[in-house]
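Chain by chain, the residues run as shown.
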Amino acid sequence: MRFTLDNSKNGELIDGKLVRQETVIWSMDELIICGGTMVTGTLEPNSRLAVSKGKIRFLKTGEELSGVKTISAEGLYIAPGLIDLHVHGGYGADVLDGTRESLGQISAYHGRCGTTGLVAAVAAAPLEQMADALVAVARFAGQEKGARILGTHLEGPFLNPRFSGAMEQKTLKQPDLKIAEDLLAAGCGMVKIATLAPELPGGLEVVEMLAASRVIPALGHSGASFAETLEAGRMGLKHVTHIFNAMAGLHHREPGPAGAAIFSRGFTVDVIADGVHIHPCLLKMLWQLKREGLLLISDAVAAAGLPEGRYRLWGRDLEVSRNRATMAGDRLAGSTVPLLAAMKNMARACELTLPQAVRLASTNPARILGLTSKGRIADGFDADLLLLDQDYDLHLVMAGGRILFSKI
Ligand SMILES: [Zn+2]
């Protein structure tokens with residue numbers, strides 16, 4: 001069957017002005033997807049699964065559902081929707097805007113690009129603005145029409161100014177328990193990850209407090225030594241944010257945070273595999289050494305999904321050209337591609353099978369976030385599904401049983 005979907009309203013630039021995008025939504029209580037190859041831990045051909053009230057249901061042998069719409073996935077793969085733990089923005093909108101319109105744009109853009117769940121990343125900014133953004137996400141969650149917002153990721157303000165990356169240096173702060181508590185309170189329980197530089201004075205106390213508050217303390221924008229990183233691990237640090245980027249390098253006598261994160265099984269790491277941030281040989285090394293402890297993020301900024309050109313990001317000029325977003329001094333500032341593009345790039349660099357690539361962009365992030373009904377195709381799991389071909393081109397995106405994009 002063929003859906004008649006109006007994709008023309010998905011947003012475009014007309015006379016240099018961004019026209020608001022509309023998410024294509026097709027919702028029905030029951031639906032059957034048959035004939036495709038399911039990407040579970042392996043590849044399972046001749047799928048027969050039903051989507052019922054937003055959940056996946058495996059059909060029993062011989063079970064027929066009459067009068068139910070059927071989508072043929074013949075020649076396609078059926079994969080779980082991607083989960084991105086680090087999204088600052090997209091389609092001209094930034095989480096820091098602190099508005100439901102911006103959050104709606106971000107959810108819609110990433111949703112139709114194959115990301116069915118995302119963690120909204122709040123970059124370092126004046127504290128009031130960070131708190132407003134956290135409140136806005138907490139209020140908006142549950143009303144999104146595209147990618148589901150799974151929580152917030154505080155990327156700051158306790159970052160090392162020497163490794164500030166694209167962050168505005170004057171907004172960075174020394175770790176402080178009171179500030180951390182206030183930000184968590186503004187997040188209304190939705191802060192899931194907090195990235196900080198644990199080597200700063202007071203850093204370990206904040207790591208301990210975050211771990212006790214069930215927030216994943218993550219190292220990032222950090223100049224920590226190998227020993228300091230392991231020490232932070234003993235205090236509850238679990239994760240390393242965009243490994244290799246915006247942190248002390250890996251030196252043979254001082255392996256730094258990247259060396260500690262690779263060496264210690266206690267750490268999980270994420271990487272920006274957009275083809276710009278990291279040399280392919282290091283992507284291969286991470287894949288070989290971390291496996292289940294590795295996941296992909298987009299670190300997408302507001303310019304993601306927009307044409308090449310000049311934009312403003314976090315108070316500074318940003319130039320986007322050939323998938324690179326740079327600030328003055330050729331400093332990289334987040335990425336401009338959604339997670340699916342990073343997954344495709346990682347798969348090519350590391351010669352991954354589709355099930356392996358899906359683990360890095362869906363299963364592992366879901367596990368790290370503690371999600372028990374996402375990240376896999378399984379009976380009773382959320383119907384967050386992608387239909388894609390062998391070139392990773394999307395044919396359909398479904399989140400919670402709602403179709404966000406389709407060319408079937
Ligand atoms: Zn970021």
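Residues numbered from 1 in each chain as written. Predicted model: local features only at pLDDT ≥ 70, side-chain atom pairs only at ≥ 80, totals over all residues.

Structural notes on the overall build of the protein
Filter applied, for reference: Strands here are runs of E lasting at least two residues and helices are runs of H or I lasting at least four, both read from the DSSP assignment and numbered beginning at the N terminus. Only C-alpha atoms enter the radius of gyration, while the globule expectation follows 2.2 Å times N to the 0.38, with N the number of residues. Any residue whose C-beta has 12 or fewer other C-beta atoms within 10 Å is treated as exposed, any with 20 or more as buried, and any in between as partly exposed, C-beta atoms being built from the backbone. A pair of residues counts as a contact when their C-beta atoms, built from backbone coordinates, are separated by no more than 7 Å.
Along its length, the protein carries nine helices and 27 strands. Expected size for 408 residues packed as a compact globule is a radius of gyration near 22 Å; at 21 Å, the protein falls within 12% of this value. Across its three principal directions, the C-alpha atoms of the protein cover 65 × 50 × 40 Å. Out of the 408 residues belonging to the protein, those deemed buried represent 54%. Intrachain contacts of the protein at a sequence separation of at least 6 include 69% that bridge at least 24 residues.

A closer look at the domain arrangement of the protein
Often, the extent of an interface is quoted as the loss of accessible area upon association of its parts. Filter applied, for reference: All domain edges in this entry derive from an automatic or database-based domain assignment. Under the grouping applied here, Gly and all other residues not named as nonpolar or charged are polar, the nonpolar ones being Ala, Val, Leu, Ile, Met, Phe, Trp, Tyr, Cys and Pro and the charged ones Asp, Glu, Lys and Arg.
Its domain assignment divides the protein into domain 1 (7–79 + 375–406) and domain 2 (82–368). Here the C-alpha centre of domain 2 lies 27 Å away from the C-alpha centre of domain 1. Taken together, the contact pairs 24 residues of domain 1 with 26 residues of domain 2. Among the elements of the structure, β10 (77–80), β26 (394–399) and β27 (402–406) are those that each provide at least two residues to the side of domain 1 that touches domain 2. If one sorts the elements of the side of domain 1 that touches domain 2 by residue count, β26 sits on top with three residues. Split by residue class, the side of domain 1 that touches domain 2 holds 14 nonpolar, eight polar and two charged.

Some thoughts on the sheet that holds strand β4 (residues 30–34)
The following threshold applies: Two strands pair under a simple rule: DSSP has to find at least two bridges between them. Between N-to-C directions, angles cover 0 to 180 degrees, with each direction set by a line fitted to C-alpha atoms, over the stretch in contact for helices.
Ordered in space as β8-β7-β4-β9, the four strands form an open sheet in which the pairing is mixed. What marks the edges here is a single partner per strand, and that holds for β8 (55–58) and β9 (70–72). In this sheet, adjacent strand axes meet at a mean angle of 25° when their direction is disregarded.

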